[in-house]
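Summary of structural features
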Amino acid sequence: MSPPIAPLGWSRWLVPPAALSIHLSIGQAYAWSVFKPPLEDALGLSGTQSALPFQLGIVMLGLSAAFGGTLVERRGPRWAMTVALVCFSSGFLLSALGAATQQFWLIVLGYGFVGGIGLGIGYISPVSTLIKWFPDRPGMATGIAIMGFGGGALIASPWSAQMLESFGSDSKGIALAFLVHGLSYAVFMLLGVLLVRVPRPRREEQRADGGPASAAGPQVSARQALRTPQFWLLWVVLCMNVTAGIGILEKAAPMITDFFADTSTPVSVTAAAGFVALLSAANMAGRIGWSSTSDLIGRKNIYRVYLGAGTLMYALIALVGDSSKPLFVLCALVILSFYGGGFATIPAYLKDLFGTYQVGAIHGRLLTAWSTAGVLGPLIVNWIADRQEEAGKAGADLYGTSLLIMMALLVIGFVANELVRPVHPSHHLAAVTAQKGAPDVRQQQSESA
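What counts as what
Residues numbered from 1 in each chain as written. Predicted model: local features only at pLDDT ≥ 70, side-chain atom pairs only at ≥ 80, totals over all residues. Heavy atoms only, no water. Axes fitted to C-alpha atoms, helices over the stretch in contact; angles between N-to-C directions. Helix = DSSP H or I, 4+ residues; strand = E, 2+ residues; numbered from the N terminus. Parallel < 35°, antiparallel > 145°, perpendicular 65-115°, else oblique. Left-handed = near helix turned anticlockwise from the far one by under 90°. Contact = heavy atoms within 4.5 Å. Nonpolar A, V, L, I, M, F, W, Y, C, P; charged D, E, K, R; others polar. Domains from an automatic or database assignment. Salt bridge = Lys/Arg side-chain N within 4 Å of Asp/Glu carboxyl O. Polar contact = N/O pair within 3.5 Å; in protein donor to acceptor, adjacent residues only side chain to side chain. Buried < 20%, exposed > 50% of the residue type's maximum accessible area, 1.4 Å probe, protein only. Patch = residues over 30% accessible without salt bridge, like charges linked within 9 Å, V, L, I, M, F, W, Y side chains within 5 Å. Areas by Shrake-Rupley, 256 points an atom, 1.4 Å probe, with all protein chains shown as cover.

Description of the packing of helix α1 (residues 15-26) against helix α6 (residues 104-124)
Contact geometry of α1 with α6 gives a least axis separation of 9 Å together with a crossing angle of 150°. Between α1 and α6, the interaxial angle falls into the category roughly antiparallel. At the point where α1 passes α6, the crossing takes the left-handed sense. Between α1 and α6, the contacting residues are I22, H23 and I26 on the first element and G118, L119, G122 and Y123 on the second. Split into classes, the residues belonging to the contact of α1 with α6 amount to 4 nonpolar, 3 polar and no charged.

Below, the structure is given as structure tokens:
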């Protein structure tokens, strides 16, 4: 499947909706918790077991993005979106079969493994295309798409809950809900597959929408990027920022309940659920808001905000969070907006350092930091809270050590960001291919088309 080239006069503003159709769909992953209690009751699972499909899905997201990134760059966005559609929808259909037959391993295989591949390929599918269409505003462009991943749960969560209420929360009802998800997302993602286009080659490009014809700057291959300190510094930056954010996101409802359990204004279950919804909204808003801001103040500066101000927010929660509910909520919202903004800004940061040549493949490899943080963040918060509870502590004391660790991680990320410098010219594509000869230049250019 060759990349679809935009005809003359094609508006670049049609590309973000194509990307959104993919990201809003795969963003359903953040709503997996809706299915946890019904699955536990219907199949006799523990909380740990019911989390397996989601956990495997996030691991496969990072792995498939890392190993499939170069192939996505080579085959183009339509191929990648088609693979994402097939895998993500097939994952739901396999899960439906597993629920109907009460075979939990099929749900883990379907949603976690097969669907997780769709998550990873779908997540990176529009990145390089958006950056090539919007070299003047790459942060805004990638923020629009990646905002969809953060906001997908706002649609999927109430929709899934309503289906389970209508179909029933037994194994048959869960199976039917999975089936409707798989078919519906297939149709919605197909819109993106049909709509997406890549820019015309530079010599032919005469767009009428005012977009710049090409991006300047260094061009570095994905293989060469792994040999630079800049890649690994950004890996640390992303991992630390995500670890700090996901630590609150995964434990949000019990955390706010524990913090104010012994006060005159305890938090009800309904209010805790509302707090989680607010965090999801902050996550989504940060993806477009902060990433667009990075186009104005620069990528390095915006990460100084994420990591520096994030440390301050954690310090406020640790020191006075249990004495003021509005302050606790405000700090948590800011942290989650930084969490979302970090995801949306990193593709533009990569573009600034490595160029547009194989930025999608580089982004895919960098997402292994997300897989690491997805395990590290919840592990830190939950393990320490369990140990503190065993020691007889309660309330805000359950989280004091975790908050200090998160602050330390953000400081590490801040230092790593400060060490980022422009990539040395010896890593640029022109310098590398010059050493290998002209035939290699033509071959690499054809592979990136």
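Picking up where we left off.
As for the domain arrangement of the chain
Looking at the assigned domains, one finds that the chain contains domain 1 (10-198) and domain 2 (220-423). Here the C-alpha centre of domain 2 lies 22 Å away from the C-alpha centre of domain 1. With 31 residues of domain 1 at the contact, the number on the domain 2 side is 32 residues. At the boundary of domain 1 with domain 2, the tally comes to 0 salt bridges. Scanning the region where domain 1 abuts domain 2 turns up 11 residue pairs in polar contact (both at pLDDT 80 or more).

Some remarks on the packing of helix α17 (residues 368-390) against helix α18 (residues 400-418)
One way to put it is that α17 packs onto α18 with a least axis distance of 9 Å and a crossing angle of 155°. One way to sum up the angle between α17 and α18 is to call them roughly antiparallel. Between α17 and α18 the crossing geometry is right-handed. Note on element contacts: α18 touches α17 through T401, S402, I405, M406 and L409, opposite G377, I380, V381, I384 and Q388. Within the contact of α17 with α18, the residues separate by chemical class into 6 nonpolar, 4 polar and no charged.

Structural notes on the pattern of salt bridges
Summed over all chains, the structure comprises 7 salt bridges. A salt bridge links R137 to D136; the nearest nitrogen and oxygen atoms lie 3.7 Å apart. Here E390 makes a salt bridge to R387, at a shortest N to O gap of 2.8 Å. Of this pair, E390 and R387 both sit in helix α17, 3 residues apart, which is roughly one turn of that helix. R387 sits in the partly exposed class, given a relative accessible area of 31%. Where salt bridges share partners, they join R12, D136 and R137 into one cluster.

A word on a nonpolar patch on the surface
Residues L93, F167, L176, L179 and L183 make up a contiguous nonpolar surface patch of roughly 390 Å² in combined accessible area. With 3 residues, the top contributor of residues to the nonpolar patch is helix α9 (residues 171-195). Inspection of the secondary structure puts L176 in helix α9.

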